[in-house]
Every structure is written in C-alpha cells, then in structure tokens.
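Fold and contact review
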Amino acid sequence: MADRYAVFGNPVAHSKSPLIHSAFAEQTGQTLEYTAVEAPQDDFAGAWLRFVQEGGRGANVTVPFKGDAYALSATLSHRARRAQAVNTLIVGGNGRTYGDNTDGVGLARDLAYHGVALKGRRVLIVGAGGAVRGVLAPLLEEEPDELVIANRTAEKAVALAEAFSDAGRVTGGGLEAISGAFDLVINGSSASLAGDLPPLPDTLFAPGATAYDMMYGAEPTVFLRWAKAQGATPTDGLGMLVEQAAESFFLWRSVRPDTAAVRARLRDALGKAE
Ligand code: ATR
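Below: a short report on this structure. (Residues numbered from 1 in each chain as written. Predicted model: local features only at pLDDT ≥ 70, side-chain atom pairs only at ≥ 80, totals over all residues. Heavy atoms only, no water.)

Of the regular secondary structure elements, the protein holds 10 helices and 12 strands. In terms of overall size, the protein behaves like a compact globule, its C-alpha atoms giving a radius of gyration of 18 Å where 274 residues would be expected to give roughly 19 Å. Seen through its principal axes, the protein has C-alpha atoms that stretch 55 × 40 × 30 Å. Taken over 274 residues, the protein has a buried fraction of 51%. Nonlocal contacts in the protein, meaning residues at least 24 apart in sequence, comprise 66% of its contacts between residues at least 6 apart. Accessible area for the protein stands at about 12,100 Å²; split by element, carbon and sulfur atoms hold 50% of it. Charged side chains in the protein number 25 positive and 31 negative. The centres of these two groups are separated by 2 Å. (Helix = DSSP H or I, 4+ residues; strand = E, 2+ residues; numbered from the N terminus. Rg over C-alpha atoms; globule rule 2.2 N^0.38 Å. Buried < 20%, exposed > 50% of the residue type's maximum accessible area, 1.4 Å probe, protein only. Contact = heavy atoms within 4.5 Å. Areas by Shrake-Rupley, 256 points an atom, 1.4 Å probe, with all protein chains shown as cover. Lys, Arg positive; Asp, Glu negative; His and termini not counted. Charge placed at Lys NZ, Arg CZ, Asp CG, Glu CD.)

Spelled out as structure tokens, the structure:
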C-alpha cells in the first residue's frame, strides 16, 4: 500500500496541497497517497490519531489547527518552537509525532526565487498574528538591516518584536507609526482575505521595492494592486505555498522536488500565468 499523507484543515476543500504533493510525487517517482482531511473544529487530535492508526505517515496542517498540531507534537523543531505553530507533522520510526514548521523557510525561498535579497535591507511586515509569527525567525536569519512589524493593534506588534529581539534588529508598533521607506513590504495580515487594505502611508516604498502578499488568488489582492500603483513590484504568496510544501515533502521523503514546474501548474490551475 502507498504511504499516506494528508492536509488537515477546516474548511479544507479549497486546499491546493493535494495538487501540489501529487505533482511532487509524480515528478520525483515517489509512490504515495495525499488527501485532504476535514478535522472537526474541536477534535484535531482525534482525527490525527485515527489517521496514524490507519497508516498515515505525515501531514500538513492548515487553519485553524496549527496550534493544536504544536500542542500534540511529542518533539518539536527549533523553528516550530519559535513559531509556536506546526504546519508539518511526521510520524517517526518509533511512532512518535514530530512537529515542524516550513512556512518561514517557504517564504524565504520564494523571496530568493524572485531575486529579492533581505540582507542589509529595510523590511516591513504588516500584521502580528500567527501567520507573521510563523515566518519571523527565517526572515531574520537573512539578516535584514531592520525588520519593522506594524499592526492594527500596536501592542501585538510590540510584543512580537520583543519576543524576537534576540534574533536581529526588530521593532514593533502601530500602522500609524510607520516611518521611512522600505525595500520590501510583506503583508502578513489577514486583511486581504476580506478584501481590505490596511491604512498604509503612500511613502512606504523605496525605489525598486518589492511588495509581497502572503495571500494569493486568481486575481491580485487589493494590497498588491495598491502597491503596484505606488511603483513597487507585486508578488503574491503562491510561491510560498509551493516552497513550504516542498520542504514538507523533503522532510517526509528525503527528496527535493523541482518547485518551478509545480508553480507553473498551480498558476495554470488558478487561471493565470506567473
Ligand atoms: P493569522 O493566523 O492569519 O495571522 P490572526 O492571528 O487572526 O490570523 O491575525 C490576523 C492579523 O491580521 C492580525 O495582525 C490582524 O490585526 P489585529 O491584531 O489588529 O487584529 C490583522 N488584520 C486583520 N484584518 C485587518 C484589517 N482589515 N486591517 C489591518 N489588519 C488586519
């Protein structure tokens, strides 16, 4: 029987992970089955246990279960501990559950893919929720000159910056306190989901700046449309999704898929060219 993997979420029907991992498996000649599991909101642990009992070897975990996956992991990677969230579960040889987080490395690799350097640059990240916390450590490893976290609720950004102050020059505050121009602005808030644009100053972008939205869709987000009008180069989060998946696939199978081919397939599936 093929090794079994799945993405756990709720809702999960819209997830692109089955498409991505099936493409990786085909490309690398790995025999595996990858499905989507809609776990009950209040019983992620039960759903995971059943999956393992039925031969499950690993999983991706998405909204709203990354915290539950973190809580049930017997062993955690350093980056999962920093993120306080798990997006990748692995069943070890001893049957114990190992939790990792590939979201941050996915973002860092996608930025590299697009030729966006962070080293020595001024970087702004908008939002201070779980999605932002999950990517901070890998971003700081790229040694930006300064990382500013700006959030609608200022205190959350201040607290997050303090939690990561050992890892680099990082400050936090409210959206109204943003000052100066940035080489890279990452929208890690969930405002795009609702079609909202956080109130941002129109002096945000340095010449040649990149605007990155961790969300993606068939159409550019309102943040990316606004950023493009301000002269920044817009990039959506589709590549991050593919890169975090590739890192999960590597953790499970010890084989690195070629992400470029799968980016193109996914973009096609969304109905537009990258
Ligand atoms: P996620 O897991 O996606 O990070 P979250 O933890 O609920 O979800 O965090 C959502 C983030 O998006 C928060 O930083 C939130 O700001 P607040 O902390 O002030 O709530 C931000 N956000 C959501 N909607 C927003 C909007 N319309 N404008 C600006 N920021 C918004």
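There's plenty left to go through after this.
Moving on, we get to the sheet that holds strand E2 (residues 32-38). In space, the 6 strands of this open sheet follow the order E2-E1-E3-E5-E6-E4, with mixed pairing throughout. Each edge of the open sheet is held by one strand with a lone partner, namely E2 and strand E4 (75-76). Direction of pairing for strand E3 (residues 56-61) relative to strand E5 (residues 88-91): antiparallel, over a ladder of 3 bridges. Bridged to asparagine 60 within E5 is threonine 88. Against the sheet, helix H9 (residues 238-253) makes contact with strand E1 (3-9), E2, E3, E5 and strand E6 (97-100), and its axis sits at roughly 10 degrees relative to E5, the strand it touches most. (Pairing = 2+ DSSP bridges. Axes fitted to C-alpha atoms, helices over the stretch in contact; angles between N-to-C directions.)

Quick look at the sheet that holds strand E10 (residues 182-187) now. Ordered in space as E9-E8-E7-E10-E11-E12, the 6 strands form an open sheet in which the pairing is parallel. If you trace the sheet from one side to the other, it starts and ends with strand E9 (170-174) and strand E12 (233-235), each paired once. With strand direction ignored, the average angle separating the axes of adjacent strands in the sheet is 20 degrees. Where strand E8 (residues 146-151) meets E9, 5 bridges bridge the pair, whose relative direction is parallel. Bridging from a neighbouring strand, asparagine 151 pairs with glycine 174 of E9.

On to the site of the ligand, then. Around the ligand, a shell composed of 14 residues is seen, among which Ala128, Ala131, Asn151, Thr153 and Lys156 lie nearest. Here lysine 156 contributes a side-chain N or O atom positioned 2.6 Å from an oxygen atom of the ligand. Serine 190 is positioned with one of its backbone polar atoms (N or O) 3.0 Å from an oxygen atom of the ligand. When isolated, the ligand has an accessible area of 650 Å², and the protein chains bury 71% of it. In the shell around the ligand, the residues fall into 4 nonpolar, 7 polar and 3 charged. (Near = heavy atom within 4 Å. Polar contact = N/O pair within 3.5 Å; in protein donor to acceptor, adjacent residues only side chain to side chain. Nonpolar A, V, L, I, M, F, W, Y, C, P; charged D, E, K, R; others polar.)

Turning next to the environment of threonine 31. Following the sequence through the fold, threonine 31 ends up in the loop between helix H1 (17-28) and E2. Sequence separation between threonine 31 and arginine 4 is 27 residues, and the spatial gap between their C-alpha atoms is 9.4 Å. Leave out the neighbours within four places in its chain, and threonine 31 touches Ala2, Asp3 and Arg253.

Once that is clear, we can look at the pattern of salt bridges. Tallied over the entire structure, the rule returns 18 salt bridges. In this structure, glutamate 54 engages arginine 4 in a salt bridge whose closest nitrogen and oxygen atoms are separated by 3.8 Å. Of this pair, glutamate 54 sits in the loop between helix H2 (44-53) and E3 while arginine 4 sits in strand E1; the two residues are 50 residues apart in sequence, bridging distant segments of the chain. The salt bridge involving arginine 79 is made with aspartate 100; its shortest N-O contact spans 2.8 Å. (Salt bridge = Lys/Arg side-chain N within 4 Å of Asp/Glu carboxyl O.)

Our focus in this paragraph is the pairing of E8. For E8, the tally of buried residues reaches 6 of 6 residues, placing the bulk of the element in the interior. Alternating residues of E8 divide into Glu146, Val148 and Ala150 and Leu147, Ile149 and Asn151, and every residue in both groups is buried. In terms of strand pairing, strand E7 (residues 122-126) meets E8 through 5 bridges, oriented parallel. Opposite valine 126, over in E8, you have alanine 150 as the bridge partner. Assessed by its sense of winding, the connection that carries the chain from E7 through helix H6 (residues 130-141) to E8 is right-handed. (Right-handed = clockwise from strand over helix to strand, strands pointing away.)

Now for the packing of aromatic side chains. Summed over all chains, the structure comprises 10 aromatic pairs. With a centroid separation of 5.6 Å and 80 degrees between ring planes, the pair formed by phenylalanine 8 and phenylalanine 44 is classed as edge-to-face. Remark: phenylalanine 44 occurs in helix H2 and phenylalanine 8 occurs in strand E1; sequence separation between them is 36 residues. Judged on exposure class, the residue phenylalanine 8 and its partner phenylalanine 44 are both buried. Plain terms: the ring middles of phenylalanine 205 and tryptophan 226 are 5.7 Å apart, the flat faces sit at 50 degrees to each other, and that makes the pair tilted. (Phe/Tyr/Trp six-rings, centres within 6.5 Å; stacked < 30°, edge-to-face > 60°.)

Structural measurements only, silent on function.
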